[in-house]
Amino acid sequence: MYRKVKLNYATLIFSVLLSSACSAAGSAIEPHFNKDNQSSAFFDNALALNSASDFLSALEKTWDYPSDLKHKKLGNKTVSSCQQLKKHINDGFHAAKASEHAFVSAQSVICSMWEYMGKFKSYKISHMNKLSLNKGFANLAPARFALLISNDQIKKAEAASSWNNVSKIKEVKPHSKVQSTYYDHSGSIQRLTLMAKGDYNADGIEDQLFFMENSVEGGSYSSTKAYIITRLTANGPIKLLKEF
Amino acid sequence: MGSMRIIQSVGIGGKNGANDIKAVQASLNSLMHLIPPTKALVVDGKLGFKPENSNTVKAIMLFQKKVVGLTRPDGKIDVNGKTHKKINEKLLAIKPSVPVPVTEALKAKLRKKLEQYEGRVEHMYLDTKGYVTVGVGHMMSSAEEAKKVAFINASSNAQASKKEIEDEFALIKSKPFGAAYPARRFKSSTKLKLTDSTINELTNKHITSFEGELKQIYGATEFNTHPENVKLALFDMIFNLGMPKLKTGYPKFNKYIKAKDYKNAALESNRNGIAAERNQYVKDLLSK
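Bear in mind the structure is a predicted one, so any value in this text is a computation, not a measurement.

Cut-offs applied
- Residues numbered from 1 in each chain as written.
- Chains lettered and ligands numbered in written order.
- Predicted model: local features only at pLDDT ≥ 70, side-chain atom pairs only at ≥ 80, totals over all residues.
- Heavy atoms only, no water.
- Helix = DSSP H or I, 4+ residues; strand = E, 2+ residues; numbered from the N terminus.
- Buried < 20%, exposed > 50% of the residue type's maximum accessible area, 1.4 Å probe, protein only.
- Contact = heavy atoms within 4.5 Å.
- Areas by Shrake-Rupley, 256 points an atom, 1.4 Å probe, with all protein chains shown as cover.
- Buried area = accessible area lost by both parts, 1.4 Å probe.
- Salt bridge = Lys/Arg side-chain N within 4 Å of Asp/Glu carboxyl O.
- Polar contact = N/O pair within 3.5 Å; in protein donor to acceptor, adjacent residues only side chain to side chain.
- Nonpolar A, V, L, I, M, F, W, Y, C, P; charged D, E, K, R; others polar.
- Expected span 1.5 Å × (residues − 1).
- Pairing = 2+ DSSP bridges.
- Axes fitted to C-alpha atoms, helices over the stretch in contact; angles between N-to-C directions.

(A) Inspection of the overall build of chain A at higher detail. The helix and strand inventory of chain A stands at 7 helices and 10 strands. Burial analysis of chain A (244 residues in total) assigns 49% to the buried set. Considering only contacts within chain A whose residues lie at least 6 apart along the sequence, 50% involve residues at least 24 apart. Carbon together with sulfur atoms contributes 54% to the accessible area of chain A, which is approximately 12300 Å² in total.

(B) Broad picture of unusual backbone geometry. B:Pro36 connects to B:Pro37 through a cis peptide bond whose omega is 5°. Summarising the element assignment, B:Pro37 is placed in the loop between helix 1 (18-30) and helix 2 (55-68). Unlike most non-glycine residues, A:Gln38 shows phi in positive territory, near 75°. One can find A:Gln38 in the loop between strand 1 (32-33) and helix 2 (52-58). The backbone of B:Asn16 shows a phi angle near 60°, a positive value even though the residue is not glycine. Locating B:Asn16 in the fold gives a position in the loop between strand 1 (10-11) and helix 1.

(C) Inspection of the interface of chain A and chain B at higher detail. At the junction of the two partners, chain A supplies 42 residues and chain B supplies 37 residues. Buried area between chain A and chain B, summed over both chains or domains, comes out near 3100 Å², and the portion from carbon and sulfur atoms is 47%. Broken down residue by residue, the surface that chain A buries against chain B is led by A:Ile149, A:Asn151 and A:Asp152, which jointly contribute 17%. Where chain A packs against chain B, one counts 1 salt bridge. Its salt-bridge partner being A:Glu100, residue B:Arg184 comes within 2.9 Å of it at the nearest N-O pair. Inspection of the chain A/chain B interface yields 25 residue pairs in polar contact (both at pLDDT 80 or more). Looking at the side of chain A that touches chain B, the elements with two or more residues in it are helix 4 (101-117), helix 6 (151-159), strand 7 (188-198), strand 8 (207-216) and strand 9 (222-231) of chain A. Take the side of chain A that touches chain B: its biggest share by element is 6 residues, from helix 4 of chain A. For the side of chain A that touches chain B, a count of residues per class yields 17 nonpolar, 18 polar and 7 charged.

(D) The arrangement of helix 1 of chain B in detail. Residue and element names in this part refer to chain B. The end-to-end C-alpha distance of helix 1, which contains 13 residues, comes to 19 Å, matching closely the 18 Å that a straight helix rising 1.5 Å per residue would cover. Within the span of helix 1, buried status applies to Asp 20, Ile 21, Ala 23, Val 24, Gln 25, Ser 27, Leu 28 and Asn 29. Residues of helix 1 that are buried sit in contact with strand 1, helix 2, strand 2 (76-77) and helix 3 (82-93).

(E) Focus on the environment of B:Gly212. Residue and element names in this part refer to chain B. With respect to the helices and strands, Gly 212 occurs in helix 7 (residues 196-218). Residue classification places Gly 212 among the partly exposed residues on the basis of a relative accessible area of 31%. When the C-alpha positions of Gly 212 and Pro 176 are compared, they lie 34 Å apart, and in sequence the two are 36 residues distant.

(F) Spatial organisation of the sheet that holds strand 3 (residues 121-126) of chain B. Residue and element names in this part refer to chain B. Taken in spatial order, the 3 strands line up as 3-4-5 in an open sheet, and their pairing is antiparallel. Strand pairing shows two members of the sheet lacking a second neighbour, strand 3 and strand 5 (138-140), which therefore form its edges. Taken over all neighbouring pairs, the strand axes of this sheet differ in orientation by 25° on average, direction set aside. As judged from the 3 bridges shared by strand 4 (residues 132-135) and strand 5, these two strands associate in the antiparallel manner. By the bridge assignment for strand 5, Val 134 is matched with His 138. On top of the sheet, helix 6 (residues 162-173) reaches strand 3, strand 4 and strand 5; it is set at about 50° to strand 3, its chief contact.

Function cannot be read off these values alone, since they describe shape.
Shown next, in the form of structure tokens:
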């Protein structure tokens, strides 16, 4: 009896060691990118972007759907690639039509995502491979994941420990393993997509890049955000590395 | 507001009945312009465990100092005492707010601005949530809803059949959507459109519906007494944010609007993520 218990105990310890060894001392894991890379926002036929270098090349590709921008002093410009969009936004251009502000902002966020995804490297350690885009994720994700529109909400997020702490998520609708829509009690509707896994900050630990499309119940509001997060220990907090 | 009626004393050492406190808070909110930089009081009938630390008592003391002229304000309003009488004197001096209904002229101004900020789209498209939409943000939840709208054929101007509307609805619904897909992306997939007058008619219906929601948030009588520029600002906020977000995500803004403290409401009207130009438009309307 004692022997059997001792054996089971040993098996358990071995299993625990094995699971942490897999994540802590394995060989390099290549970056992984979501097949739905948002390229259909610019092109009739979505691009197949499978590696970090593919994303960097995509920044130069000419779009099928150009966008019109304007500048107070420099007049109007039509842009048709991520590279051109980034340059003109840095120069102070914005959407030519006020009604297309959210759309141009979304394009800009996608282009920035590609730029960061193009720099994702392989990693050896992962503490995020068991995360799912469910209600529990909102308890772990940083407070900045919440839809922060008003001054009140921005202030609330500064003191909050997690997304759910700001928003009180009431429902989550999963669309796939990498995409879910979150609904909160104040009318926020947030579609969250896991875009990439890889090492962003060269520490050998897995980081993840998320794309968030924000809208509201009964209103036209629309905005987009992207977040790069990491987790330094198996049950540790999720840390926000970058938001744009 | 006519006069302030209290049954017992309110403030430091007062009887502090909840209804009396509410009457004082509401009256002082109407006299905020006399006691800057006091901010609008929450009308909750409470002074807290230590009344001397409450914003209401601080406002009473400032009123006694600045308006009544007391060198040593005691933070207490006695029934028919000096402070009570002065409050009523100042309340009577305020010109009563005249209800201003939402006129046709205001609706026309509103439509113009909504079109500028939301876009005016004559064909079906998917909004960022994936709903089939047309006009100035007119969302159609099903093909049945779409059939109620007077679509015409873009090439012949002939009235569209129910089948044509149903087919086009299904086609648009099957397209990818998201924040990076503008309405114009869907145009090449459509054959139907709306006339200008149909779009205006739909927008007017939305304005009426949003007016009802604004009255739910701010009170029907109170909403009518806001000046035209404030109404325009509130319509822009609710059209963009929707009722749940405006009602629960903007507590300070709503408090200032209810207290008719439009300057502070302007500071709290900011919407993170929208065009700077649109934020400024609402700020300017409230600061007039």
